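Read off the chains here:
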Amino acid sequence: MADASAGGFPDDYPTIDPTSFDVVVCGTGLPESILAAACAASGKSVLHVDPNPFYGSLYSSVPLPSLPSFLSPNSAPVPSPSTATSSSASHSAVHLERRCLYSEVETSGTVPESSGRFTVDLVGPRVLYCADEAVDLLLRSGGNNHVEFKSVEGGSLLYWDGALYPVPDSKGAIFMDGTLKPGMKTLLFSFFKLVESHIAASSSGDKEGEGKASGKISEEDLDLPFVEFLKKQRLPPKISAVMLYAIAMADYDQDAADSCEKLLTRDGIKSIALYLSSIKRFANAEGAFIYPMYGHGELPQAFCRFAAVKGALYVLRMPVTALLLDQEMKCYIGTRLASGQDILCQQLILDPSFKIPSLDIPSDVSDSNSPRKVARGICITSSSIKQGKSSVLVVFPPKSLQEQQAAAVRVLQLSSNVAVCPPGMFMAYLSTPCTDVFMGKQCINKAIEVLFSAQGSDDSEGHLETTSENIDNAKPMLIWNCVYVQEITQGTSGTVLSCPMPDENLDYRNILESTKKLFSDTYPSEEFLPRNSAPKYADDDSDSAE
């Protein structure tokens, strides 16, 4: 767990030996840590530095009292070298700057006296599918021996017409759902059977054609917008919303003619396949999702441990102040550390908080494209959204909160069973992608208003209409909350790799794809984290979620 209070830089820095590496990685966020592990596994010499005394960077889990310093625009200044080192005739030093990644920070309520016992994810809300590649990478690297997971055992809830409904995400859930009429259950059973038949036929390499006889969905249907395919299956709007936003995890309004991101049927089916396979993967996991004990900041540490076993050198509390520019070749060949020491390398990897000076155009122009944004919220509450459940996911489809809501809002509630807050207290994370900052924050605040009751509010406003006896109709009391906006930047390749920011998604799929692409662009002939590269542990158990 990160602690910003220990973030001061030392008066004297260690001298690093050797002074030349194949790869220098600056920042220990999840993409940087995975890339360090992949480079070390392929035999590269790796130096991995971080200005903080902890691992995780922008993917950290931090104590609640430290959160303001992380969200502050001036939270991560690049220090000047402690000793001046003159540039050589062959290279010069180009000073590094940090970009402001967080903005529009607003807090309300009273921070609990036990605030030090709350751990806040900078990437929340975030979970892992039991069957997704992030879990496979942990198994391949042996990282599963360093991270323990718990199920999101409360399942998912959908907000629809002013009420919370349980998400019927499996045949068992459909059968047990008392809110569904028999005809609707039959439709849902048929739809899941269609998806499972298509998955089975596709996995077996069946080339006997398409349609009901082969079990495969036709190419014509696969190229349809998923919302249109669901209409062809006669699924009503509420159940279509379940499939689109609670299972396939579409973000933007799929019914809008001008939607910026239309989900195709083939992609929707892939997401449903991942969801269904996740439900069945681990015998001791309830549902499709798992969450790491102590927060998501544990994941980068697991990959750093693997990289260290493979020979990577780690130096924390070591800021990078400048990039070394080869005057003749006009390319970056290393870094200058806060100690004043120059480190040469063939490949530089930086976390996304750095502005990479362009060699062709002024730095202010290279950063002019307006990045995507995500509005986030963090809440501390007195009770659970779903009675008797420690963790639960809530989905607000587009337009469910207000007519202007263009994207889904997702909420992840956690409790003391994952060691992120004291017993009897709960934490909830909210997020929604946004192009309009005001509208994004408004949607987050509206979701908070719907789910929670403010301290001192009228009891008549403290109830939420529900459709299940397991969902308490009394709103949890909101003790404290923070709403802010975060920039989203993509990874970029070159002599300096810039890693991706935490994105707006609930899982790590897009971040991992971007990370793998950065590796393959840099080392096209190398295998990304080979399956036989993990260290062996006597108590390895890959069939357990814990």
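Residues numbered from 1 in each chain as written. Predicted model: local features only at pLDDT ≥ 70, side-chain atom pairs only at ≥ 80, totals over all residues. Heavy atoms only, no water.

1. Concerning the environment of Phe-452
Mapped onto the elements, Phe-452 comes out in the loop between helix H12 (437-451) and strand S22 (453-454). Residue Phe-452 is classed as buried on the basis of its relative accessible area of 4%. Distance from Phe-452 to Lys-475, taken between C-alpha atoms, is 5.1 Å for residues 23 residues apart in sequence. (Helix = DSSP H or I, 4+ residues; strand = E, 2+ residues; numbered from the N terminus. Buried < 20%, exposed > 50% of the residue type's maximum accessible area, 1.4 Å probe, protein only.)

2. Digging into the pattern of salt bridges
A full pass over the atoms with the stated rule returns 22 salt bridges. A salt bridge links Arg-266 to Asp-223, with the shortest nitrogen-to-oxygen separation between them at 2.9 Å. Here Asp-223 lies in the loop between helix H6 (219-222) and helix H7 (226-232) and Arg-266 lies in helix H9 (residues 265-281), a separation of 43 residues in the sequence. Between Lys-399 and Glu-403 there is a salt bridge; the shortest N-O distance is 3.5 Å. Look at Glu-403 and you get exposed, because its relative accessible area is 57%. If you follow the salt bridges from partner to partner, you end up with Glu-104, Glu-106 and Lys-441 in one network. (Salt bridge = Lys/Arg side-chain N within 4 Å of Asp/Glu carboxyl O.)

3. Some details on the confidence of the model for the protein
When the pLDDT values of the protein are averaged, the result is 87; 85% of them are 70 or greater. Counted against residues more than four places away or in other chains, residues 82-86, with its pLDDT under 50, gives nine contacts. Here residues 361-368 scores under 50 on pLDDT; set against residues more than four positions off or in separate chains, the count is five contacts. (pLDDT = per-residue confidence, 0-100. Contact = heavy atoms within 4.5 Å.)

4. Quick notes on the nonpolar core
In this structure, Phe-226 and Phe-289 are the most contacted members of the largest nonpolar core, which totals 115 residues. In terms of nonpolar packing, the next biggest core, distinct from the first, is built from 24 residues, Tyr-159, Val-394, Cys-434 and Leu-451 among them. (Core = buried A, V, L, I, M, F, W, Y, C linked by side-chain atoms within 4.5 Å.)

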